[in-house]
Amino acid sequence: SLIIPFVIKEGFQITLYELLHVGLLEYVPFIILLLALFTISGGVQLKGSLVGSPTLNTAILAIGTLLASWMGTTGAAMLLIRPLIRANSHRKNKVHVIVFFIFLVANIGGALTPLGDPPLFLGFLKGVDFFWTTKAMFLPMLFLVVCLLIIFYIYDTIQYKKEETIPKPSSSEKIGIKGSFNLLLIIGVVFSVLLSGFWRPHIDFNIYHVHVELQNITRDLLLLALAYASWKFTSKQIREANEFNWFPILEVAKLFAGIFITIIPAIAILKAGTSGALALIVNSVSSDSGPVNHMYFWLTGILSSFLDNAPTYLVFFNTAGGDPQVLMGELSNTLLAISAGAVFMGANTYIGNAPNFMVKSIAESSGIDMPSFFGYFLYSIVILFPLFGLVSWIFF
């Protein structure tokens, strides 16, 4: 429905260029990374007798949040969502467990490094120091994580007491990991992503005016090879125990194909700055005295909730000047506002960040009746928005 009027208005050549540009440079690498993490993490089985008590659920959320910055929100989410679902399989009141998992593990936990979330990786490629993010984002992230874990523990305890029966572990099997070689493959994924950031051979290939760089092709081929190795060498019993199937990744691939295509005019409007249809938004982040940081936080965040957070981050990064040295120096609070908005508010909707929808699909394929798009957004309004208000007041 977008492509047809796009061709009529702009012509076939410009339409083809825009589709190839977003496809080759953004969508295909995005899906390959998700495919690799989905396949590899699906080959890791956390065995043992786990019962989803408030204490255990809170511990899994905390561990996943810690892992997310170092293996990516998608990697951490795919690694832990199935054990969390199995641990709570006996419970009737468990939807909130998955919702908080999306809040923490699939989004906010990825705030500390460029490996955690795509917007931060774009900042890294633009020259932001790897550990600047760790230092700058630590306190806002810590504040949110502590608040959300406390809220979750209290709410989960209330819901747990409503259960008709409180089951005990069905066996005394010790906690352990099967398919642990897949953890090495996840390290390989991290290496492949970092390689594309550090290695610059200055070789690219021109496909209908779209420049595809060698380091990015190499990264994608490595990721596909790692995914194939996981699929080939992980026993089928492990994947069967994890109830692994391709449905979630296919759902995400189709949904985000639509998002990446229809985002073309939205990003063009933002890039037009004060000359575009959203000039009011662009003007609202600046004043005579300099950047308005709380507006950077909220506008980057709200747009990231409904658009792709990576290009949204990039637009506001450039709106703030685009010089990484200045943004890490005298405008460090502005860069922090942009980074925090893009990462934290990806949790607001199912489409704010790719693992959100993937977790939803896995939960639904396991029989959990997840909220609708607006039902989930209501959770965000009630729980996240007041906390984001406090973050804005304290830090920006």
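Just above sits the structure.
Residues numbered from 1 in each chain as written. Predicted model: local features only at pLDDT ≥ 70, side-chain atom pairs only at ≥ 80, totals over all residues. Heavy atoms only, no water.

1. Things to note about the overall build of the chain
For step 1, the next point in the chain: The secondary structure content of the chain amounts to 17 helices and six strands.
For step 2, the next point in the chain: Relative to the globule expectation of 21 Å for 396 residues, the C-alpha radius of gyration of the chain, 21 Å, shows essentially globular dimensions.
For step 3, the next point in the chain: Sorting the 396 residues of the chain into buried and exposed places 53% on the buried side.
For step 4, the next point in the chain: Of the contacts made within the chain by residues no fewer than 6 positions apart, 79% connect residues no fewer than 24 positions apart. (Helix = DSSP H or I, 4+ residues; strand = E, 2+ residues; numbered from the N terminus. Rg over C-alpha atoms; globule rule 2.2 N^0.38 Å. Buried < 20%, exposed > 50% of the residue type's maximum accessible area, 1.4 Å probe, protein only. Contact = heavy atoms within 4.5 Å.)

2. Structural notes on the environment of L16
For step 1, the next point in the chain: Residue position: L16 is located in helix α2 (residues 12-41).
For step 2, the next point in the chain: With a relative accessible area of 26%, L16 lands in the partly exposed category.
For step 3, the next point in the chain: Along the primary structure L16 and L278 are separated by 262 residues, whereas in three dimensions their C-alpha atoms are 25 Å apart.

3. Points about the nonpolar core
The nonpolar side chains of a soluble globular protein tend to be buried, and buried together.
For step 1, the next point in the chain: Counting residues in hydrophobic clusters, the biggest one holds 107 residues, and the most contacted among them are F101, F103, L148, F297 and F344.
For step 2, the next point in the chain: The dominant element in this core, judged by the number of residues it contributes, is helix α3 (residues 54-87), at twelve residues.
For step 3, the next point in the chain: Those residues in contact with F103 that sit more than four places away from it in its chain are I108, L148, A347, Y376, Y379, S380, I383 and L384.
For step 4, the next point in the chain: Among the nonpolar cores identified, the runner-up in size contains six residues, and L115, F124, F130 and V193 belong to it. (Core = buried A, V, L, I, M, F, W, Y, C linked by side-chain atoms within 4.5 Å.)

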